[in-house]
Amino acid sequence: MVRIEEGMLARSLAGHDKNRLYVIIRTEAEYVWLVDGISRTLEKPKKKKFRHIQVIYRFAEPVKKALKDNKPFQNEQIRQIIQSESRNRQEDKDVKSRCN
């Protein structure tokens, strides 16, 4: 089993935020704390159980670097990461639909 680590991307599977993309900023026992830089900022992360998220086993590189260097990162960085990832995933869907 792959470890869930800070800086990984995750998608909500349950609740009013279903299908929303987040960055994991903290893990503890059976919970993760998620941020999206918009409604869930670094100052007010979303606490969710592991079973209610789908972990995308990719790191958001700027977050990974900031965590490694013990430097703070900003909500703006989180927003940009999530927007970029959303665009990439939409492009993947477009390519798959054209291939069928």
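Further up the page is the structure itself.
So, how was this worked out
- Residues numbered from 1 in each chain as written.
- Predicted model: local features only at pLDDT ≥ 70, side-chain atom pairs only at ≥ 80, totals over all residues.
- Heavy atoms only, no water.
- Helix = DSSP H or I, 4+ residues; strand = E, 2+ residues; numbered from the N terminus.
- Buried < 20%, exposed > 50% of the residue type's maximum accessible area, 1.4 Å probe, protein only.
- Contact = heavy atoms within 4.5 Å.
- Core = buried A, V, L, I, M, F, W, Y, C linked by side-chain atoms within 4.5 Å.
- Phe/Tyr/Trp six-rings, centres within 6.5 Å; stacked < 30°, edge-to-face > 60°.
- Lys NZ or Arg CZ within 6 Å of the ring centre and 35° of its normal.
- Pairing = 2+ DSSP bridges.
- Salt bridge = Lys/Arg side-chain N within 4 Å of Asp/Glu carboxyl O.

Undergrad: How should I be thinking about the overall build of the protein chain in this particular structure?
TA: The helix and strand tally for the protein chain stands at two helices and five strands. Seen in sequence order, the protein chain has helices and strands lined up from the N terminus as β-β-β-β-β-α-α. Looking at the protein chain as a whole, 34% of its 100 residues qualify as buried. When contacts within the protein chain are restricted to residue pairs at least 6 apart in sequence, long-range pairs at least 24 apart make up 49% of them.

Undergrad: For this particular structure, what's the right way to read the nonpolar core?
TA: Here is a general trend for soluble globular proteins: nonpolar side chains tend to be buried in one another's company. Residues Leu9, Val23, Val63, Phe73, Ile78 and Ile81 are the most contacted members of the largest nonpolar core, which totals 14 residues. Among the elements of the structure, strand E2 (21-28), strand E3 (31-35), helix H1 (61-68) and helix H2 (75-99) are those that each provide at least two residues to this core. Residues in contact with Val23, not counting those within four places in the same chain, are Gly7, Met8, Leu9, Trp33, Leu34, Val35, Val63, Ile78, Ile81 and Ile82. Residues Tyr22, Val32, Leu34 and Val55 belong to the second largest nonpolar core, which totals nine residues.

Undergrad: What should I look at first to understand unusual backbone geometry in this one?
TA: Even without being glycine, Asn19 reaches a positive phi, approximately 75°. In this structure, Asn19 sits in the loop between strand E1 (8-12) and E2. Positioned with a positive phi, Ala29 is a non-glycine residue whose angle comes to about 45°. Positionally, Ala29 belongs in the loop between E2 and E3.

Undergrad: Even after reading the chapter, I still don't get the packing of aromatic side chains, so can you show me in this structure?
TA: In this description, an aromatic ring pair is defined by two values, namely the gap between the centres and the angle between the planes. Inspection of the entire model under this criterion finds zero aromatic pairs. Its guanidinium or amino end placed over the ring of Trp33, Arg26 lies 3.9 Å from that ring's centre, counting from NZ or CZ. Directly above the ring of Tyr31 sits Lys47, whose terminal nitrogen or CZ lies 4.3 Å from the centroid.

Undergrad: Can you walk me through the pairing of E1 in this structure?
TA: Successive side chains on a regular strand alternate, one facing one side of the sheet and the next facing the other. Counting buried positions along E1 gives five out of five residues, so the element sits mostly inside the fold. Bridge count for E1 against strand E5 (residues 53-59) is five bridges, and the pairing is antiparallel. Following the sheet pairing, Ser12 is matched in E5 by Ile53. With three bridges joining them, E1 and E2 adopt antiparallel strand pairing.

Undergrad: Explain the pattern of salt bridges here, please?
TA: Proximity of charged atoms lets side chains of opposite charge pair with each other. All chains considered together, the criterion is met by five salt bridges. The partner of Asp17 in a salt bridge is Lys48, and the shortest N-O contact between them spans 3.2 Å. Of this pair, Asp17 sits in the loop between E1 and E2 while Lys48 sits in strand E4 (residues 46-49), and the two are 31 residues apart along the sequence. Under the relative-accessibility criterion, Lys48 is labelled buried at 7%. A salt bridge links Glu28 to Arg26, with the shortest nitrogen-to-oxygen separation between them at 3.3 Å. Of the residues examined, Glu28 reaches a relative accessible area of 42% and is grouped as partly exposed.

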